[in-house]
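Results of the structural survey
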Amino acid sequence: MRATSHRDDPNRLFMFRSGSKDLLFGFASDARGGNLPEKFGPWTNVGVVRGDQKPPHGLSRTAIEAGIAENGFQLWRKKPAVPA
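Remember, it's a predicted structure, so these values are computed and weren't measured experimentally. (Residues numbered from 1 in each chain as written. Predicted model: local features only at pLDDT ≥ 70, side-chain atom pairs only at ≥ 80, totals over all residues. Heavy atoms only, no water.)

Moving on: the packing of aromatic side chains. Per the stated rule, a full pass over the model turns up 2 aromatic pairs. Both rings, one in Phe25 and one in Trp76, keep their centres 4.8 Å apart while their planes meet at 20 degrees; by these two values the pair is stacked. With a gap of 51 residues between them, Phe25 in strand E2 (residues 24-28) and Trp76 in strand E4 (residues 74-77) connect regions that are remote in the sequence. Given a relative accessible area of 12%, Trp76 falls into the buried group. (Phe/Tyr/Trp six-rings, centres within 6.5 Å; stacked < 30°, edge-to-face > 60°. Helix = DSSP H or I, 4+ residues; strand = E, 2+ residues; numbered from the N terminus. Buried < 20%, exposed > 50% of the residue type's maximum accessible area, 1.4 Å probe, protein only.)

And the structure:
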C-alpha cells in the first residue's frame, strides 16, 4: 500500500493569496492552485488546512469543498481592518 502524500490528501485545503487583488484569497485542492483564476494571480500559497482542522475566519469547510467541487476553487475576501 502506497503512503499518501499530503499533496494527494483529498481532505486538505490549500490556501492562497492573490497577488493582484488586496484581501482576496482562495482555496484549492492542490498545492499549486492550478485551478485558481489567472486574472487574480499570481497566487501565493499561504497555508494548508488539514482534514482535522477548521478553516480560518469561521469559514465553512462544507461550503469551501462545494465550491472546489463545482469550480475547482473557492475564493473569499478578507474584510479590511477597521481603524481604531
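So, on to the environment of Glu65. Mapped onto the elements, Glu65 comes out in helix H1 (residues 61-71). Glu65 sits 36 residues away from Ser29 along the chain, and the two C-alpha atoms are 8.6 Å apart.

Taking burial as the measure, the 6 residues of strand E1 (residues 13-18) include 5 buried ones, the bulk of the element. Across 6 bridges, E1 lies against strand E3 (residues 43-49) in antiparallel orientation. Across the sheet, residue Arg17 finds its bridge partner in E3, namely Thr44. The hairpin turn running from E1 into E2, its antiparallel successor, is 5 residues long, and Leu23 in that turn takes a positive phi close to 65 degrees. (Pairing = 2+ DSSP bridges.)

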